[in-house]
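Spelled out, the chains give:
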Amino acid sequence: KLNEKLKVMGEPVLIVAEVAGARLYTGPMFVKYNGVLRNPPADGVLYVTTLHSVNSCIVKSSKLTKATKVYRGVVGGKLPPSFLKPNE
């Protein structure tokens, strides 16, 4: 379904390697991949190709998302004045 929507939009479709990489990142390999991104190991295992596939999947699938409001908790419950000014 995602690839059909991407085709209609004229965007590049997802390939199997991208979907597999994203699935691994959101599942069993999250700790390893995130660790490599935060603190590259001395042994040189950086998962470069897989992480590029994950990034590519995120970039391509982001074309299908809509920008919406996001509500987050704030300590003290008071927002700064700049928060109430609309962006230009």
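Computed from a predicted structure; not experimentally measured. (Residues numbered from 1 in each chain as written. Predicted model: local features only at pLDDT ≥ 70, side-chain atom pairs only at ≥ 80, totals over all residues. Heavy atoms only, no water.)

Colleague: Would you mind going over unusual backbone geometry in detail, with residue names and values included?
Modeller: The phi torsion at Tyr47 lies on the positive side, around 55 degrees, for a residue other than glycine. Relative to the elements of secondary structure, Tyr47 occurs in the loop between helix H3 (30-38) and helix H4 (48-62). (Helix = DSSP H or I, 4+ residues; strand = E, 2+ residues; numbered from the N terminus.)

Colleague: Describe the packing of aromatic side chains, and please don't skip the residues or the numbers.
Modeller: Applying the stated criterion across every chain yields a total of three aromatic pairs. A centroid spacing of 5.5 Å and a plane angle of 65 degrees characterise the contact between Tyr25 and Phe30, whose relative ring orientation is edge-to-face. Linked through ring pairs, Tyr25, Phe30, Tyr33 and Tyr47 together constitute an aromatic cluster. (Phe/Tyr/Trp six-rings, centres within 6.5 Å; stacked < 30°, edge-to-face > 60°.)

Colleague: For H3, give the residues involved together with the corresponding values.
Modeller: Among the residues making up H3, those that are buried are Tyr33, Asn34 and Val36. The buried residues of H3 occupy one face: seen down the axis, they fall within an arc of 160 degrees. Exposed side of H3, more than 90 degrees from the buried face: Val31 and Arg38 are the residues found there. Here the buried face of H3 lies against helix H2 (16-25) and H4. (Buried < 20%, exposed > 50% of the residue type's maximum accessible area, 1.4 Å probe, protein only. Arc of directions from axis to C-beta. Contact = heavy atoms within 4.5 Å.)

Colleague: Summarise H4; cite the residues concerned and give the values.
Modeller: Over its 15 residues, H4 runs 21 Å from end to end, which matches the ideal 21 Å to within 8%, given 1.5 Å per residue. Of all the positions in H4, only Leu51, Ser53, Val54, Cys57 and Lys60 are classed as buried. Where H4 is buried, its residues touch helix H1 (2-9), H2 and H3. (Expected span 1.5 Å × (residues − 1).)

Colleague: Report on the side chain of Glu18, specifying residues and quantitative values.
Modeller: Relative to the helices and strands, Glu18 resides in helix H2. Judged by relative accessible area, Glu18 falls into the buried class, the value being 6%. Residue contacts for Glu18: discarding those within four places in its chain leaves Val13, Ser53, Ser56, Cys57 and Lys60.

Colleague: Can you tell me about the pattern of salt bridges, naming the residues and giving the values?
Modeller: Across all of its chains, the model carries one salt bridge by this definition. Residue Glu18 is joined to Lys60 by a salt bridge in which the shortest nitrogen-to-oxygen separation is 3.0 Å. Here the residue Glu18 occupies a position in helix H2, and Lys60 occupies one in helix H4, the gap between them amounting to 42 residues. (Salt bridge = Lys/Arg side-chain N within 4 Å of Asp/Glu carboxyl O.)

Worth remembering: the numbers are spatial, not functional.
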